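# Analysis of the macromolecular model
What follows is the residue order along each chain.
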Amino acid sequence: MPDAAPTEDLARRAAAGDAAALDELLHAIRPEVVRRCGRFLPNREDAEEAAQDVLLQVARKITGFEGRSRFSTWLYAVVANCARQKYRELKRRAAEQPAPIDAALHVDPRTTSVIAGSRVDLLDALDRLEREHPHLVAPLVYRDICQLDYAEAAERAGIPLGTFKSRLHEARRQVRPWLAGTP
């Protein structure tokens with residue numbers, strides 16, 4: 001996050017209705033939001049599009065930020081939700097489109113790089129985890145993707161730390177074989 005103290009102050013002021021603070025906040029967090037979205041989405045343009053969605057959500061919902069947790073924690077939840085929604089949208093769009101005529105023009109992110117492939121595989125695994133064990137998704141996203149510390153992630157998930165760690169362990173156990181390619 002940009003310098004945390006001024007960002008937290010801007011968030012509190014924006015939540016209280018200060019439009020100038022909101023503008024300043026959105027400008028300050030944009031680079032971090034793009035970077036965080038890039039942790040989910042392998043394509044830079046998709047990450048930037050998701051980041052725009054995040055900034056729009058922040059602008060619309062900042063009054064819902066009550067300051068009980070840090071703004072960065074609240075923001076990472078918005079980032080995770082918007083990036084995963086963008087991925088679902090892209091996946092749905094790709095499934096609805098006919099196969100490209102010129103295969104040379106179609107780039108499959110699974111084969112473009114190890115990093116891109118692993119992110120796409122992780123998003124597929126998160127979708128599967130959400131279908132099969134929805135209560136395990138938040139711990140995995142907050143800790144392993146958003147990289148929040150355990151206490152902050154547990155607070156954001158709204159569960160006790162011990163429960164959070166248990167769910168995170170189970171989420172990792174579930175996802176590991178899917179990422180390795182074994183059902």
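What comes next is a walk through the structure. (Residues numbered from 1 in each chain as written. Predicted model: local features only at pLDDT ≥ 70, side-chain atom pairs only at ≥ 80, totals over all residues. Heavy atoms only, no water.)

Quick look at the overall build of the protein chain now. Counting its secondary structure elements, the protein chain contains 9 helices and 0 strands. Along the protein chain, from the amino end to the carboxyl end, the secondary structure elements read α-α-α-α-α-α-α-α-α. Across the 183 residues of the protein chain, 40% fall into the buried class. Considering only contacts within the protein chain whose residues lie at least 6 apart along the sequence, 64% involve residues at least 24 apart. (Helix = DSSP H or I, 4+ residues; strand = E, 2+ residues; numbered from the N terminus. Buried < 20%, exposed > 50% of the residue type's maximum accessible area, 1.4 Å probe, protein only. Contact = heavy atoms within 4.5 Å.)

What follows deals with the pattern of salt bridges. Tallying each qualifying case throughout the model produces 15 salt bridges. The structure contains a network of salt bridges with shared partners spanning E49, D53, K86 and E89. (Salt bridge = Lys/Arg side-chain N within 4 Å of Asp/Glu carboxyl O.)

In this structure, the second largest pocket spans a volume of roughly 150 Å³. What lines the second largest pocket is simply G64, F65, E66, G67, R68, S69, W74, E155 and R156. Taken together, the residues of the lining of the second largest pocket break down into 2 nonpolar, 3 polar and 4 charged. (1 Å grid on protein atoms, 1.4 Å probe; cavity = no way out; pocket = protein on both sides within 12 Å on 5 of 7 lines; lining within 4 Å. Points joined across faces, edges and corners; volume = space filled by probe spheres on them. Nonpolar A, V, L, I, M, F, W, Y, C, P; charged D, E, K, R; others polar.)

Closest axis-to-axis distance for the helix 3 (residues 44-61)/helix 4 (residues 71-96) pair is 9 Å, and the angle between their directions is 130°. In terms of orientation, helix 3 and helix 4 fall into the oblique class. Between helix 3 and helix 4 the crossing geometry is right-handed. Side by side, helix 3 and helix 4 meet where D46, E49, A50, D53, V54, Q57, V58 and K61 of the first sit next to F71, W74, L75, V78, V79, C82, A83, K86, E89, L90 and R93 of the second. Counted by class, the contact of helix 3 with helix 4 contains 11 nonpolar, 1 polar and 7 charged residues. (Axes fitted to C-alpha atoms, helices over the stretch in contact; angles between N-to-C directions. Parallel < 35°, antiparallel > 145°, perpendicular 65-115°, else oblique. Left-handed = near helix turned anticlockwise from the far one by under 90°.)

What follows covers the packing of helix 8 (residues 150-157) against helix 9 (residues 161-180). Running from N to C, helix 8 and helix 9 cross one another at 95°; their axes reach a closest spacing of 9 Å. Between helix 8 and helix 9, the angle is such that the two are roughly perpendicular. Residue-level contacts link Y150, A151, A153, A154 and A157 of helix 8 to L161, F164, K165, L168 and R172 of helix 9. Of the residues belonging to the contact of helix 8 with helix 9, the class tally is 8 nonpolar, no polar and 2 charged.

Attention now goes to the environment of A157. Its place among the elements puts A157 in helix 8. Sequence separation between A157 and V141 is 16 residues; the distance between their C-alpha atoms is 9.9 Å.

Attention shifts here to the environment of D46. By secondary structure assignment, the location of D46 is in helix 3. Relative accessible area serves as the criterion here: at 18%, D46 is assigned to the buried category. Taking C-alpha positions, D46 is 9.7 Å from V34, a pair spaced 12 residues apart along the chain. Not counting residues within four places of it along the chain, the set of residues in contact with D46 comprises L41, K86 and L90.

This brings us to the packing of aromatic side chains. All told, the structure shown has 4 aromatic pairs when counted by the stated rule. Put simply, the rings of F65, F71 and W74 pair up and form one aromatic cluster. Note that R36 overlies the ring of Y76, its terminal NZ or CZ placed 4.1 Å from the centroid. Residue placement shows R143 over the ring face of Y150; its charged tip is 4.2 Å from the ring centre. (Phe/Tyr/Trp six-rings, centres within 6.5 Å; stacked < 30°, edge-to-face > 60°. Lys NZ or Arg CZ within 6 Å of the ring centre and 35° of its normal.)

Let us now look at the nonpolar core. Of all hydrophobic cores here, the largest spans 53 residues; its most connected members are V58, I62 and F71. Ignoring any residue separated from it by four or fewer positions in sequence, one finds I62 in contact with A11, A14, A15, L22, L25, Q57, F71 and W74. (Core = buried A, V, L, I, M, F, W, Y, C linked by side-chain atoms within 4.5 Å.)

Attention now goes to helix 3. The first and last C-alpha atoms of helix 3 sit 25 Å apart over 18 residues, in line with the 26 Å expected at 1.5 Å per residue. In this structure N43 caps helix 3, since a side-chain oxygen of it lies 2.8 Å from the backbone nitrogen of E45. (Expected span 1.5 Å × (residues − 1). Polar contact = N/O pair within 3.5 Å; in protein donor to acceptor, adjacent residues only side chain to side chain.)

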